[in-house]
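What follows is the residue order along each chain.
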Amino acid sequence: MFDSRHIKTFDQVVTSGSYSAAARVLGYTQPAVTQQMKALERTAGVPLFTRSGRGLRLTEAGEALARHARTILTSLDAAHQQLGALARLRAGRVRVCGFPSANATLIPEAMASLLADHPGVRVELTEAEPPESVQRLLRGECDVALAFSYQDTTAPVADELVEIPLLEDRLTVLLPVGHPLARRHAVRLADLTEERWIAGCPRCRANLLQVCADEGYAPDVVFTTDDNLAVQSLVAAGVGIALMPSLVLAFMCHQKVTGRLVEPHQFRRVSAYVLREHLRVPATAVVVEELRRAASARAGC
């Protein structure tokens with residue numbers, strides 16, 4: 001493997017025409033330049049220069065290396081500048097995969113702050129419910145995954161991942177306007193045994209079944225959809241009621257539905273996940289920090 005320092009010195013020798021002239025330009029001693037050129041010839045396995053009177057002449061191998069040297073040095077300089085820009089957060093790409101309500105709330109707030117401070121960083125956003133979002137991270141399809149888990153269903157985190165807790169997202173019960181229980185500040189789950197229910201994604205549906213089982217009954221699930229707008233429209237139409245995270249209600253609220261806190265208190269834990277080594281990547285680290293800031297503004301959402 002060629003030493004880039006030797007290539008740089010070689011290029012200057014070719015440009016200057018002698019070891020001594022190259023030494024003056026580079027700020028080296030002539031013996032230092034001579035030693036570097038001998039080391040380069042050992043690596044190449046062939047002579048690169050021959051003496052021509054008091055000057056130097058390139059061998060055929062030297063001419064071949066000279067043709068590549070400038071390209072090599074230009075590429076190295078470009079790489080150095082690009083890596084420097086990434087380190088200084090003047091550039092960088094971060095792929096984020098989140099679930100719908102996080103993509104509609106935390107992501108816009110975090111990205112607005114990110115672009116104000118680091119306009120060179122670019123974020124690519126995709127959508128997936130957990131656990132698929134975390135699986136995409138493990139497969140290398142994204143750099144940051146957002147996911148949620150419910151109180152009693154937290155899964156172990158893979159060794160290569162780091163979990164960054166963001167917030168506790170309170171659950172509310174969605175009722176159609178005019179429902180008798182809508183007059184209460186909070187609604188006990190035990191008082192909803194006779195209601196029809198609308199369930200969400202598989203993880204949300206499993207949580208609904210569990211919390212109702214804890215209260216001693218099985219909910220009558222008449223409709224299932226992971227479309228948050230559809231859930232609200234179904235509640236408004238009187239098809240059923242639903243458990244809805246507060247993040248969803250922060251950006252979407254049908255005029256004919258109302259949300260009430262549930263008792264006992266229910267929430268889901270929202271976290272960001274990254275591969276352990278990716279936390280050392282400046283652009284990824286700053287995206288995670290902006291997500292943390294956006295979430296802290298919604299603490300106890």
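Going by the structure above, here's the rest.
Figured I'd write up the structure that's included with this text. (Residues numbered from 1 in each chain as written. Predicted model: local features only at pLDDT ≥ 70, side-chain atom pairs only at ≥ 80, totals over all residues. Heavy atoms only, no water.)

Here helix H9 (residues 228–236) has its buried residues at Asn228, Val231, Gln232, Leu234, Val235 and Ala236. Between the side-chain oxygen of the N-cap and the backbone nitrogen of leucine 229 there are 3.0 Å, and the N-cap of H9 in question is aspartate 227. (Buried < 20%, exposed > 50% of the residue type's maximum accessible area, 1.4 Å probe, protein only. Helix = DSSP H or I, 4+ residues; strand = E, 2+ residues; numbered from the N terminus. Polar contact = N/O pair within 3.5 Å; in protein donor to acceptor, adjacent residues only side chain to side chain.)

This part covers the packing of aromatic side chains. Per the counting criterion, the structure on display carries four aromatic pairs. Arranged with centres 5.6 Å apart and planes meeting at 50°, the rings of phenylalanine 10 and phenylalanine 49 form a pair that is tilted. Taken together, the positions of phenylalanine 10 in helix H1 (residues 4–16) and phenylalanine 49 in strand S1 (residues 49–52) put the pair 39 residues apart, joining distant regions of the chain. Phenylalanine 49 matches phenylalanine 10 in its accessibility class, with the two residues each being buried. A network of ring pairs unites the aromatic residues Phe10, Tyr19 and Phe49 as a single cluster. Geometry around tyrosine 19 places arginine 51 over its ring, the cationic atom sitting 6.0 Å from the centre. (Phe/Tyr/Trp six-rings, centres within 6.5 Å; stacked < 30°, edge-to-face > 60°. Lys NZ or Arg CZ within 6 Å of the ring centre and 35° of its normal.)

So, about the pairing of strand S9 (residues 220–224). Summarising the sheet, strand S8 (residues 196–199) and S9 pair through four bridges and their orientation is parallel. Across the sheet, alanine 199 pairs through a bridge with threonine 224, a residue of S9. With respect to chirality, the unit in which S8 leads through helix H8 (residues 202–214) into the neighbouring parallel S9 is right-handed. (Pairing = 2+ DSSP bridges. Right-handed = clockwise from strand over helix to strand, strands pointing away.)

Attention now goes to the pairing of strand S10 (residues 242–245). Of the two faces of S10, the one lined by Ala242 and Met244 and the one lined by Leu243 and Pro245 are each fully buried. As defined by bridge partners, strand S6 (residues 161–176) adjoins S10 across four bridges and the pair is classed as antiparallel. Directly across from valine 173, in S10, lies its bridge partner leucine 243.

All right, on to the packing of H1 against helix H3 (residues 30–44) then. In a pair of packed helices, the angle between the axes and the distance between the axes together describe the arrangement. The interhelical angle for the contact between H1 and H3, taken along N-to-C directions, is 115°, at an axis separation of 9 Å. Judged on the interaxial angle alone, H3 and H1 are roughly perpendicular. Note on packing geometry: the crossing formed by H1 with H3 is left-handed. The residues of H3 that touch H1, namely those facing Arg5, His6, Ile7, Thr9, Phe10 and Val13, are Val33, Gln36, Met37, Ala39 and Leu40. Split into classes, the residues belonging to the contact of H1 with H3 amount to seven nonpolar, three polar and one charged. (Axes fitted to C-alpha atoms, helices over the stretch in contact; angles between N-to-C directions. Parallel < 35°, antiparallel > 145°, perpendicular 65-115°, else oblique. Left-handed = near helix turned anticlockwise from the far one by under 90°. Contact = heavy atoms within 4.5 Å. Nonpolar A, V, L, I, M, F, W, Y, C, P; charged D, E, K, R; others polar.)

No statement about biological role is implied by the geometric values presented.
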